[in-house]
Amino acid sequence: MKRLLWIGSLSYFLIGLAHVVVGSLLPVLLEHYGKNYTDGGSLIFAQFSGFLAGVLLSPWLARRFGKRRSLVFALLLLCAAEVLYSLLPPWGWLYAVGAAAGFGFGMVETLIGTIIISGITQGTGAAMSRLEVFFGIGALAMPAIASQLIALGWWRLAFPIISMFAAVTVIAWLRGSFGTLDAVLDEHRGDNHARSTNSPNPPTMEASKGSPIGNWKLLALFIVFFFIYVGTEMSLANFLPSMFIERLGLTQAEAALSVTCFWLAMATGRLFTGYIADRYGYGVFVALSSLAATLLLCVFPLIKGTAGAFILIILLGLGMSGIFSIALVFASKMMPGTEESTTSLLIGAGGVGGALLPLWLGNSMDRGGAVSSAWLLAGFACILCLLGGILYALYVRKKRLQTASS
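Residues numbered from 1 in each chain as written. Predicted model: local features only at pLDDT ≥ 70, side-chain atom pairs only at ≥ 80, totals over all residues. Heavy atoms only, no water.

Student: Now, about the confidence of the model for the chain: what can you tell me, with residues and values included?
Tutor: Across the chain, the average pLDDT comes to 85, with 91% of residues at 70 or higher. In the predicted structure, residues 191–214 sits below a pLDDT of 50 and forms 12 contacts with residues beyond four places in sequence or in another chain. (pLDDT = per-residue confidence, 0-100. Contact = heavy atoms within 4.5 Å.)

Student: How would you explain the pattern of salt bridges if you had to name every residue and give the values?
Tutor: Per the counting criterion, the structure on display carries 1 salt bridge. Two residues, Glu-132 and Arg-270, come together in a salt bridge whose shortest N-O distance is 3.6 Å. With Glu-132 in helix H5 (residues 124–152) and Arg-270 in helix H11 (residues 252–280), this residue pair connects regions lying 138 residues apart in the sequence. By relative accessible area, Glu-132 is classed as buried at 5%. (Salt bridge = Lys/Arg side-chain N within 4 Å of Asp/Glu carboxyl O. Helix = DSSP H or I, 4+ residues; strand = E, 2+ residues; numbered from the N terminus. Buried < 20%, exposed > 50% of the residue type's maximum accessible area, 1.4 Å probe, protein only.)

Student: Describe the nonpolar core, listing the residues and the values that go with them.
Tutor: Nonpolar side chains in soluble globular proteins tend to be buried together. Of all hydrophobic cores here, the largest spans 124 residues; its most connected members are Phe-222 and Phe-244. Among the elements that take part in this core, helix H1 (residues 2–33) stands out by supplying 17 residues, more than any other. In this structure, Phe-222 is in contact with Ala-327, Phe-330, Ala-331, Met-334, Met-335, Leu-346 and Leu-391, ignoring residues within four places of it in sequence. (Core = buried A, V, L, I, M, F, W, Y, C linked by side-chain atoms within 4.5 Å.)

Student: Please give an account of the packing of aromatic side chains that cites residues and values.
Tutor: Within the structure shown, the criterion is met by 18 aromatic pairs. Measuring from ring centre to ring centre gives 6.5 Å for Tyr-12 and Phe-135, while their planes differ by 65 degrees; the resulting arrangement is edge-to-face. Here the residue Tyr-12 occupies a position in helix H1, and Phe-135 occupies one in helix H5, the gap between them amounting to 123 residues. A relative accessible area of 1% places Tyr-12 in the buried class. Given the relative accessible area of 16%, Phe-135 is considered buried. Stacked on the ring of Phe-65, the Lys or Arg Arg-64 has its end atom at 5.3 Å from the ring centre. If you follow Arg-130 out to its NZ or CZ, it ends over the ring of Trp-6, 3.9 Å from the centre. (Phe/Tyr/Trp six-rings, centres within 6.5 Å; stacked < 30°, edge-to-face > 60°. Lys NZ or Arg CZ within 6 Å of the ring centre and 35° of its normal.)

Student: I'd like a rundown of the environment of Tyr-229, residues and numbers included.
Tutor: If you trace the backbone, Tyr-229 turns up in helix H10 (residues 216–248). In this structure Tyr-229 comes out as buried when scored by relative accessible area, which is 1%. In this structure the C-alpha to C-alpha distance between Tyr-229 and Leu-357, which are 128 residues apart in sequence, comes to 9.9 Å. Ignoring any residue separated from it by four or fewer positions in sequence, one finds Tyr-229 in contact with Met-266, Met-320, Ile-323, Phe-324 and Leu-384.

What follows is the structure in structure tokens.
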């Protein structure tokens with residue numbers, strides 16, 4: 001399992017790089033093509049559309065072709081897309097290239113999350129948190145790499161760097177052996193069909209109780225939770241500098257440090273959150289982390305000093321650091337047997353929230369300024385806290401019913 005976790009971590013580092021490379025290079029990319037930020041937004045949206053398609057189609061592709069083959073396909077697609085980016089084709093072609101890249105890393109994120117959650121039954125929270133740490137390292141590293149390459153005039157080389165990591169990751173997955181888990185990674189629909197045809201015992205009703213349809217109310221709550229959480233996180237990441245400039249009068253360079261502090265705190269927190277959640281319970285962790293994020297975001301509009309604002313952002317990064325990965329594990333424990341479909345749907349819901357809520361917050365920044373937008377973030381967090389509390393209450397109720405029945 002250590003080998004699986006290391007290769008999974010390498011894959012998450014790769015998608016951390018891929019997620020932010022276009023944004024890191026966007027100003028120089030638009031200058032090269034003579035385009036404006038509206039065109040840049042369209043390119044990012046094309047990449048997001050591909051990401052969402054990859055997330056949602058990954059369960060079907062995994063069942064049809066097997067998880068390992070699907071992973072290799074997604075990584076090769078990402079590798080090819082980044083090479084095409086580096087060739088600087090006509091602008092219209094970049095929309096298709098961006099969609100292909102998004103499809104690739106969307107599939108990789110979903111499939112590896114599913115493999116880790118279903119394959120590592122002990123210490124699942126710690127395993128998922130470790131993946132998120134490497135994702136954060138990749139997301140932090142790419143802007144630094146891009147800035148150096150831009151300074152040297154070699155900015156287009158940022159894309160082949162991702163292709164190189166994708167190729168290494170393909171080799172790792174093809175050559176990696178994971179013991180009994182190999183059969184799960186290589187299983188596909190033909191295997192399932194043959195097994196169900198030859199097996200004298202058809203699937204029981206107990207097995208069917210784990211279907212997403214039977215848990216649709218619970219699944220809907222988790223979908224809204226992920227929509228709000230990722231939307232809030234992405235809104236913070238995109239608009240913190242603007243809020244700090246307006247509220248505190250900082251320069252652009254000083255305000256940019258707010259995002260760096262936030263992501264560093266997130267990456268640091270993820271080193272510990274998995275172990276805490278494994279020890280005290282996933283439901284408790286999600287509920288308390290949501291409460292902490294809500295309290296801090298409710299204080300955020302009231303902060304006026306620069307030092308206090310940076311301290312609050314660091315605390316907020318620590319408080320939110322484990323919510324995404326631990327909530328994925330929590331959902332899988334609440335709805336056992338649905339890891340493939342629920343992981344895909346929840347990551348997809350988060351992706352939609354990450355695209356839509358920042359648009360809402362951007363409109364709020366234009367209309368009402370930083371203070372009203374900060375209160376809007378606090379409102380998002382209150383909904384998140386309410387959902388976290390409801391999900392924990394449902395978990396407690398389920399445990400009581402199981403205890404009573406046994």
